[in-house]
Amino acid sequence: MTSDLSYPDVVQMAVPLFIALILIELLWIAMMRRGGRYETRDAVTSLVMGAGNVASGIALGFIAWGFFMALWAITPLDLGTSIWVVALCFVLDDLRYYWVHRFGHRIRWVWASHVNHHSSQHYNLTTALRQTWTGTFTFMMIVRAPLILLGFHPAMVLFCGGLNLIYQFWIHTEAIGRMPRWFEAVMNTPSHHRVHHGRNPRYLDANYAGVFIIWDKMFGTFVPEREDEKVDYGLVHNLGTFNPIRVAFHEWIAIFRDVTQPGLTLRERLAYAVAPPGWSHDGSRDTSEAIKEKHLARHPQDRGTPGFS
Amino acid sequence: MPLSVLIALVVGGIAGVAILTHLFGFSKLHRFDDAEAARMAFLREWPDVATGTITLSADRHSALIETNKGPALVWAMGADSSVRFLADADAQDTKTGLSIRLADLTAPNIRIRLAPDERRAWLTSMKVPR
């Protein structure tokens, strides 16, 4: 069994590339006055979130790694390390990413970790690095368990996850319009991912893909970017702070406050933690479904169009 | 990659981006063109809430909005805007305007610039304790 397999830490290796591409995008926007927007505090917050994500990975990565190695110890399967196995692992890990990402928008416990990635009202390459510090606490490493049990080595799975993350960096930009049609059909692109970051009712809960957009098309969550509806970036109710600590932890604390408020049933307390974001026991908040319905009440002509079907 | 190199890259990268964005003029606070622009910024977040009188600050970085859910504030968040209702707000005078404290982790202390005569009018409209 290939128990001592190791791969390079590709995300750390890509840091110079990330910085170089951010500088190129920033210079492009500054010189051409198009292709996106930058704002100093927003960009710094995003970059600090990215640095914190790397730090939390160093500090807490042993938890997921220990879990994966425990699974590896009990599985009788070992698919080896051929290039085809790595390729298959990459595709299956991208499917895993789709579902973790979808859970991240549909389960508040996971959203508490992921919300920070959507908290910028800008969409540029620094937004790609606005990553969670608290991913470990979502326990979404469980979704990788089938891959390990099927015989993909944990190091290979994490290597493919790193490649997936690097791929997603370049799609966080407004500087690129559309890619060639064949590419847009199969791959996640800046256009598809702009939709994912939209707070427009039409664009909520769409385009969860990491690398291959085909998952959204297969599972019915694909919404194309429309020329007649510019993407409005950010959260449904935007943050009023650039403080990275608040960006990182605010939803966790909000969950705690909701769950511990007096007068709720056990079921309601549980729902505040795991129901879709926006759920409330008294209907005082809106889930994405409610937001879409209210939009349709104001704009009935949109019913049946992408994002409202 | 050695940790020391990674740290130097990250710190240098963040500092470089901060300096460049500032030098390029991307630190300017959003300014609402007029009261209608402030109303649109409010409706962007609360499209179903009815709005009434809008009081735009002299510097046009913030606006107080009467709504059917009580007074609300829309203010510049960098190049964009954010909105909060002020029902549970605690407002204090500062040297340059008002400090509005909310029991809201994502907007705990909103500082807005107002002239002394504007402050009186805003506090009256907000009907919140000073």
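Residues numbered from 1 in each chain as written. Chains lettered and ligands numbered in written order. Predicted model: local features only at pLDDT ≥ 70, side-chain atom pairs only at ≥ 80, totals over all residues.

**Section: the overall build of chain A**
Logical step 1: Tallying secondary structure elements over chain A gives 14 helices and 0 strands in all.
Logical step 2: Reading chain A from its N terminus to its C terminus gives the helix and strand order α-α-α-α-α-α-α-α-α-α-α-α-α-α.
Logical step 3: By the compact-globule yardstick of 19 Å for 309 residues, chain A fits well, its C-alpha radius of gyration being 20 Å.
Logical step 4: C-alpha atoms of chain A, sized along the principal axes, occupy 60 × 55 × 40 Å.
Logical step 5: In chain A, of all internal contacts separated by at least 6 residues, the share reaching a separation of at least 24 is 72%. (Helix = DSSP H or I, 4+ residues; strand = E, 2+ residues; numbered from the N terminus. Rg over C-alpha atoms; globule rule 2.2 N^0.38 Å. Contact = placed C-beta atoms within 7 Å.)

**Brief notes about the sheet that holds strand β4 (residues 80-85) of chain B**
All names here are of chain B.
Logical step 1: Read across the open sheet, the 4 strands follow the order β1-β2-β3-β4; overall the sheet is antiparallel. With one partner strand each, in any of the chains shown, β1 (51-56) and β4 form the two edges of the open sheet. For this sheet, the mean angle separating the axes of adjacent strands, direction not counted, is 25 degrees.
Logical step 2: With 4 bridges connecting them, strand β2 (residues 62-67) and strand β3 (residues 72-77) associate as antiparallel partners. Considered in β3, the bridge of Leu-64 is made with Leu-73. (Pairing = 2+ DSSP bridges. Axes fitted to C-alpha atoms, helices over the stretch in contact; angles between N-to-C directions.)

**A closer look at the interface of chain B and chain A**
Logical step 1: With 27 residues of chain B at the contact, the number on the chain A side is 32 residues.
Logical step 2: Listing elements by their share of the side of chain B that touches chain A, those giving two or more residues are α1 (3-23) and β4 of chain B.
Logical step 3: Ranked by residues supplied to the side of chain B that touches chain A, first place goes to α1 of chain B with 10 residues.
Logical step 4: Among the residues making up the side of chain B that touches chain A, the classes are represented as 16 nonpolar, 7 polar and 4 charged. (Nonpolar A, V, L, I, M, F, W, Y, C, P; charged D, E, K, R; others polar.)

**Comments concerning the domain arrangement of chain B**
Interface size is commonly expressed as the accessible surface area that is lost when the partners come together.
Logical step 1: As assigned here, chain B comprises domain 1 (1-28) and domain 2 (35-126).
Logical step 2: One C-alpha centre belongs to domain 1 of chain B, the other to domain 2 of chain B, and the line joining them spans 33 Å. (Domains from an automatic or database assignment.)

**Comments concerning the UniProt feature "transmembrane region" (unreviewed entry) in chain A**
Residue and element names in this part refer to chain A.
Logical step 1: Here the UniProt-annotated "transmembrane region" (unreviewed entry) positions come out as residues 12-31, 43-75, 81-99 and 147-170.
Logical step 2: Along residues 12-31, the helical share is 95% and the strand share 0%, with 30 Å between the first and last C-alpha atoms.
Logical step 3: The annotated region residues 147-170 carries 79% helix and 0% strand content, and the separation between its end C-alpha atoms amounts to 26 Å. (UniProt positions renumbered as here; feature names shortened; annotations may be inferred.)

**Observations concerning unusual backbone geometry**
All names here are of chain A.
Logical step 1: A positive phi is found at Arg-33, a non-glycine position, where the angle reads about 60 degrees.
Logical step 2: Structurally, Arg-33 can be placed in the loop between α2 (15-32) and α3 (40-74).
Logical step 3: Its 7 C-beta neighbours within 10 Å are what place Arg-33 among the exposed residues.
Logical step 4: Positive phi outside glycine occurs at Phe-139, with the angle close to 65 degrees.
Logical step 5: Looking at the element boundaries, Phe-139 is found in the loop between α6 (125-128) and α7 (145-149). (Buried ≥ 20, exposed ≤ 12 C-beta atoms within 10 Å, placed from the backbone.)

**Section: the pairing of β1 of chain B**
Residues and elements named next belong to chain B.
Logical step 1: Of the pairings in the sheet, the one linking β1 to β2 comprises 4 bridges and is antiparallel in character. What sits directly across from Leu-56, in β2, is Ala-63.
Logical step 2: Between β1 and β2, which pair antiparallel in sequence order, lie 5 residues; one of them, Arg-60, sits at a positive phi of approximately 65 degrees.

**What to know about the UniProt feature "transmembrane region" (unreviewed entry) in chain B**
Logical step 1: Sequence positions flagged by UniProt for "transmembrane region" (unreviewed entry) are, in local numbering, residues 6-26 of chain B.
Logical step 2: As annotated, residues 6-26 of chain B comprises 86% helix and 0% strand, and the C-alpha atoms at either end are separated by 27 Å.

**Description of the packing of helix α12 (residues 244-259) of chain A against helix α13 (residues 266-274) of chain A**
Residue and element names in this part refer to chain A.
Logical step 1: Axis separation between α12 and α13 bottoms out at 9 Å; the angle between their running directions is 170 degrees. The angle between α12 and α13 places the two elements in the roughly antiparallel class. For the pair α12 and α13, contact is made by Ile-255, Asp-258 and Val-259 and by Arg-269, Tyr-272 and Ala-273, respectively.
Logical step 2: Classifying every residue of the contact of α12 with α13 by side-chain character gives 4 nonpolar, no polar and 2 charged. (Parallel < 35°, antiparallel > 145°, perpendicular 65-115°, else oblique.)

**Digging into α12 of chain A**
Residue and element names in this part refer to chain A.
Logical step 1: Over its 16 residues, α12 extends 24 Å from the first C-alpha to the last, a length consistent with the 22 Å expected when each residue adds 1.5 Å.
Logical step 2: For α12, the principal kink sits at His-250 and spans about 45 degrees.
Logical step 3: If you check which residues of α12 are buried, you get Arg-246, Val-247, Ala-248, His-250 and Glu-251.
Logical step 4: Of the surrounding secondary structure, the elements contacted by the buried residues of α12 are α3 and α5 (108-114). (Expected span 1.5 Å × (residues − 1). Bend = angle between axes of the 7 residues up to and from the residue.)

**Quick notes on the environment of Ser-125 of chain B**
All names here are of chain B.
Logical step 1: Assignment of secondary structure puts Ser-125 in helix α3 (residues 116-126).
Logical step 2: Taking the C-alpha atoms as reference points, Ser-125 and Ser-99, 26 residues apart in sequence, are found 15 Å from one another.
Logical step 3: Not counting chain neighbours up to four residues away, the residues in contact with Ser-125 comprise Thr-55, Leu-64 and Pro-71.

**Re the confidence of the model for chain B**
Logical step 1: Taken over all residues, the pLDDT of chain B has a mean of 94, while the share at 70 or more is 98%.
Logical step 2: Interface predicted TM-score (ipTM) for the complex: 0.94; the corresponding pTM is 0.95. (pLDDT = per-residue confidence, 0-100.)

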